[in-house]
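Architecture at a glance
This is what each chain is made of:
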Amino acid sequence: MAKPRTWGLVLAATAFSTHAFAQAPVEVNASQSAEATLASTREPAAANSVDVSMPGGIPGVVVVGRRERDVQRETTQVITVLSQDDIARTGEGDIAGALGRVTGLSVVGGGFVYVRGLGDRYSLALLNGSPLPSPEPMRRAVPLNLFPTDVVASSLVQKTYSPNFPGEFGGGVINLTTLAIPTAPFLDVNLGVSGDTETTGQLGYDYYGNKRDWTGYGNRDTPAALAEFFASGQRLSSGTVDSGAIAGQLVSRSNGLVQTVGEIPANFSGKITAGDAWQFDESELGVIATAGFSNGWRTRDNIEQTPASFDLSGLDHDYRKVSTENQAVANALLGLGYEFGEGHTLRWTNLYIHDTLKRTSLAEGKQNSQALGQDFREQTTALYERELLSTQLTGGFNLDPVKVSTRASYSTSKREAPYELGIGYVRTNQAASPYGGYFINRLDNGQSGFAEIAFSDLQEDLWSAGVDLTAQLMPRLVLSGGLDIADTQRDSTRRAFQIVAPSSFPSGVGMLRPDYLLSAGIIDFYDIGLVETTETDPAFAARLRTEAAYAQVQAEVAVGLELSVGARYEQGEQDVRPLQVFDTLTNSGASTNIANDYLLPAATLTYRFRDDMQMRLHASKTVARPQFRELMFQRYYDPEANRTYRGNPLLTDSEFVNAEARYEWYFAPEQRFSVAGFYKEIDQPIETFTGFNDNTTETSFANAPQAVLYGAELEVQKYFPLDERFGSGILGSRRAVVIANYTYTNSQINVEAGDTVSVFGTATQPASHFFVDGSPLTGQSDHIVNLQFGLESPGRLSQQTILLSYASDRVTSRGPSGMPDFYESTGLRVDLVAREALRLFNTDMEFKLEARNIFGEGYEEFQERGENTVYYNRYDVGTTISASVTVAF
């Protein structure tokens, strides 16, 4: 089964190809390459001079050393490289899952990666060295579960800052490298099937939508009357709009009728990958293409509660909600690579991802703040369609002794969520009432039922370009520098409506099922109208532009002592403002303009005191900017987190001081032991807090005064040959592998007398109203453990791996004033992955069998005070079983 050649990774960033100039060519593969810095010459007899050029856009340097040199050892920064083999060993279907196995990394709902306990806003994701837009309304960070592992050749995580990267580097950078020129023609086809114990073959819910929903392209057209209203620029509150005509077109059997599915079907997936290369004299042209599709189901039986008192002894909201999601993902990648002359490369990469989630839920419970003894039944139907399209052109040119790397990219993402529909009925259980014991919806905005619907649309465009120069002035001295520019623009619109009936609306009619109750005839006859709840700020425009220049020196200042030092000057301007969508101008004035420039120094000292041992010391300054949605004063419901969010336009940048000390021992090829301590001081960290709005929880954001984070991490990778113990038998031809890492992190928010917090819509308040001195940062787990135990055959593909992962409880949001924080518990997860290559019917095949969450560890998000516990979210996750086969033609 031919495998594509992958670009290496230089200076903890992007793809590159290698050519030798001194002796025979030495290829640096993704499995053994990463940020290459000035290497020592302690083994001159075995040394080769390797030119590293980079179409990915981060400056290359000269590597001098052995062919089998360990990349993580040779870099001047702290990095982890996941090669195709490493990713395959985890068996994960998307890159977020694979990254969750890296030391100090954890993955939080929706595929967002936390580095050393810092939230996704503090992590930077790149594709081949270029930034990506996000299709998520809540974040500027891109969810990494969008990227199937089959389009990623390698993934690099750098935890220490170097000036060639953007200054937004709080926790680390994650660079994904896509496939490049293949070494031989190949065509692989993969088919897979999976299911889980909580979903497959079990009862679930769905709604019709349309017949193309299973493809992910079941587009929803905006109703004609609503589209005309949007185009008119009028307000419903003006009284001149026929709101009943609009309301009569919003709900039908297609989106208002929840249906049971007796047995949820199994998940399935398929993908095809092909590549070829052609030689032209002294040049080579390669092409790689891949396309895939998957369709999967997930059902959650969730307990949702909110407290009625500060001591959590009583419940206000106590629901059981069963939701079923059907997710369809289509992806494609087309890459062209061209190598010519003495180390010149060009590369054009195009990526397309389309991810659609169709969600249906049915809930029942009590709301004691509304009326004691009443039961509530609510249903929701929604479709969330995300799309990412990226095109990148990179070049690397060898102008000896100067290497030039250039890059330019354009990416666009969008998210459409039409017809987010919620409908609620109430049962009084009063025997004296003629309708006692029956669920009724009188459409009175919650007291005796409700109906609400929202249409949201987001588009984000990102342009970026850069050039980097690297010059080796002396055998032990390399200078590098470059320019960067990036421009991100986002438009976000959300129009939400309530369907409201007059007080004379008869209760008997309120017993009708949703599609009858909200039909055009009923709405017209009973004079039911529409109220827009987002008239104040229905749309926002946002922009972030950064311009930067950097310089860096790498030098071997003494035998075995290497220094990398440099600085980045970065200007950034971020603007968020309400968009004018109505003829008359009125909005909340919730605008933001943040313009700052920073000088960000970084230095790393590496001391190789033995051939297989070294120490690193690192210090740097970095920043973190608020994300767009954190600044937009606009309500947004996140179904994944079961939360309503609203931004805070008064947020400011966060500034970091970072330090790290690290010991590394490379005791054998591909085997290592390391231990490190790290420290971060954060000025004005951005934290989430939760409050109440009409007895409904609402989460927003604020700058805490100051925080510190420190910890330690340990990593070991060891192989154990089994031939001495088991001879030449089946086990004797194999080796055992143990990969383990542990991260301890401690953080605390520091709040002193006189510290204040600014939240839009309220006066400046004491910070102690929002934050408790000594509280941990949101998203930070004290303990993160990953273990891999496996058997594998070095000579062929045969792997059986047990994977264990554990993250201790972590804060998801600050609690309302006087109430405890929200914590989540994910527990211990145990997985089994088996991969085997066989040749059947004269065809190469690879079989993979996976068992995920074998012991069925569930999920809990809760508040706790004394013996009282309130579960904001609590559900079983179940065990997932999957099987797939890849056929090489």
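Residues numbered from 1 in each chain as written. Predicted model: local features only at pLDDT ≥ 70, side-chain atom pairs only at ≥ 80, totals over all residues. Heavy atoms only, no water.

1. Some words on the overall build of the protein chain
Note the cut-off: Secondary structure elements follow DSSP: runs of H or I no shorter than four residues count as helices, runs of E no shorter than two count as strands, and numbering proceeds from the N terminus. Whether two residues are in contact is decided by their heavy atoms, any of which lying within 4.5 Å being enough. In short, Shrake-Rupley with a 1.4 Å probe defines the accessible areas, and a residue's cover is counted only from the protein chains shown.
Secondary structure summary: the protein chain contains ten helices and 46 strands in total. Restricting to contacts in the protein chain with at least 6 residues of sequence separation, those with at least 24 account for 73%. Split by element, the accessible area of the protein chain, about 34000 Å² in all, is 56% carbon and sulfur.

2. Details of the environment of Lys403
With respect to the secondary-structure elements, Lys403 resides in strand β20 (residues 402–427). Between the C-alpha atom of Lys403 and that of Asp468, which follows or precedes it by 65 residues, the distance is 8.1 Å.

3. A short note on the packing of aromatic side chains
The relation between two aromatic rings is expressed through the spacing of the ring centres and the mutual angle of the planes. As a reminder of what qualifies: Here a Phe, Tyr or Trp ring, Trp counted by its six-membered ring, pairs with any other such ring whose centre lies within 6.5 Å, and the pair is stacked when the planes are under 30 degrees apart, edge-to-face when over 60, and tilted otherwise. Buried means the residue's accessible area, taken with a 1.4 Å probe over protein chains only, is under 20% of the maximum for its type, while exposed means over 50%, and partly exposed covers the values in between. Consider the ring centre and the ring normal. A charge sits over the ring if Lys NZ or Arg CZ is within 6 Å of that centre and within 35 degrees of that normal.
Summed over all chains, the structure comprises 23 aromatic pairs. Taking the centre distance of 6.1 Å and the plane angle of 90° together, the rings of Trp214 and Phe293 count as edge-to-face. With Trp214 in the loop between β13 (204–206) and α4 (224–232) and Phe293 in strand β16 (residues 283–307), this pair connects stretches of sequence that are 79 residues apart. Among the residues examined, Trp214 registers a relative accessible area of 48% and is labelled partly exposed. Summarising the aromatic geometry, the rings of Phe770 and Phe771 are spaced 6.4 Å apart at their centres and angled 40° between planes, so their arrangement reads as tilted. Here Phe771 falls in the buried class, since its relative accessible area comes to 1%. Taking the ring centre of Tyr207 as reference, the NZ or CZ of Lys358 above it sits at 4.7 Å. Taking NZ or CZ as reference, Arg874 lies 4.4 Å from the ring centre of Tyr871, over its face.

4. Here's the deal with the side chain of Arg235
The criterion, for reference: In protein, a polar contact requires one atom able to donate a hydrogen and another able to accept it; more generally it is a pair of N or O atoms within 3.5 Å, and residues adjacent in sequence count only if both atoms are side-chain atoms.
Secondary-structure assignment places Arg235 in the loop between α4 and α5 (243–247). For Arg235, the side chain forms a polar contact with the main-chain oxygen of Glu535, separated by 3.5 Å.

5. Notes on the pattern of salt bridges
Side chains bearing opposite charge may pair, as long as their charged atoms lie close to each other. As a reminder of what qualifies: Any carboxyl oxygen of Asp or Glu within 4 Å of a side-chain nitrogen of Lys or Arg constitutes a salt bridge here.
Summed over the entire model, instances satisfying the criterion amount to 50 salt bridges. Across the salt bridge formed by Glu547 and Arg545, the nearest N and O atoms sit 3.0 Å from each other. Beyond isolated ion pairs, a larger network of salt bridges with shared partners links Glu168, Arg407, Asp468, Asp484, Arg568, Glu570 and Arg625.

6. Re unusual backbone geometry
Note that the residue after Asp400, namely Pro401, is joined by a cis bond; omega there is 10°. Residue position: Pro401 is located in the loop between β19 (375–399) and β20. Here the phi dihedral of Asp281 falls at roughly 55°; this positive angle occurs in a residue that is not glycine. Along the chain, the position of Asp281 falls in the loop between β15 (267–280) and β16.

7. Some words on the pairing of strand β42 (residues 827–840)
Our working definition: Following DSSP output, two strands are said to pair if at least two bridges run between them.
Pairing analysis gives ten bridges linking strand β39 (residues 798–807) to β42, with the strands arranged antiparallel. Across the sheet, residue Leu804 finds its bridge partner in β42, namely Val830. Examined bridge by bridge, β42 and strand β43 (residues 843–852) share nine bridges and lie antiparallel to one another. Bridge assignment links Val833 to a residue of β43, and that residue is Glu850. Where β42 hands over to β43, the hairpin turn is made up of two residues, of which Phe841 adopts a positive phi near 55°.

8. Some remarks on the side chain of Asp213
On the secondary structure map, Asp213 appears in the loop between β13 and α4. Excluding anything up to four places from it in sequence, Asp213 contacts Tyr208, Gly218, Arg220 and Lys358.

9. Digging into the pairing of strand β10 (residues 152–158)
In terms of burial, β10 is a largely internal element, seven of the seven residues being buried. By the bridge criterion, four bridges tie strand β5 (residues 79–82) to β10 in an arrangement that is antiparallel. Residue pairing across strands places Thr80 opposite Val157, the latter belonging to β10. Pairing of β10 with strand β11 (residues 172–178) involves six bridges; the strand directions are antiparallel. Bridge pairing in β11 links Val157 to Ile174.

10. A look at the sheet that holds β10
A sheet is described by the order of its strands in space; here five strands give the open sequence β5-β10-β11-β8-β9, paired in mixed fashion. Each edge of the open sheet is held by one strand with a lone partner, namely β5 and β9 (130–131). With five bridges joining them, strand β8 (residues 123–127) and β11 adopt parallel strand pairing. Residue pairing across strands places Ala125 opposite Ile174, the latter belonging to β11.

11. Focus on the nonpolar core
Here is the rule we go by: Here, nonpolar core refers to any group of buried Ala, Val, Leu, Ile, Met, Phe, Trp, Tyr and Cys residues whose side-chain atoms link them within 4.5 Å.
Ranked by size, the top nonpolar core spans 33 residues in total, and within it Val576, Ile749, Val757 and Phe771 carry the most contacts. Looking at this core, the elements that each hand over two or more residues are β24 (539–558), α9 (628–631), β31 (671–683), β32 (686–693), β33 (696–703) and β34 (706–721). With three residues, the top contributor of residues to this core is β24. Ranked by size, the runner-up nonpolar core spans 29 residues in total, among them Leu250, Leu443, Leu517 and Ile528.

12. Considering α4
Definition in use: Note that the arc is defined by the directions from the helix axis to the C-beta atoms.
Those residues of α4 not exposed but buried are Ala225, Leu226 and Phe229. Along the axis of α4, the buried positions cluster into a sector of 95°, meaning they face one direction only. Looking at α4, the residues exposed on the side facing more than 90 degrees away from the buried face are Ala224, Glu228 and Ala231. Where α4 is buried, its residues contact α5, β21 (450–474), β22 (477–500) and β23 (529–532). Positive phi shows up at Gly233, right after α4, with a value of about 75°.

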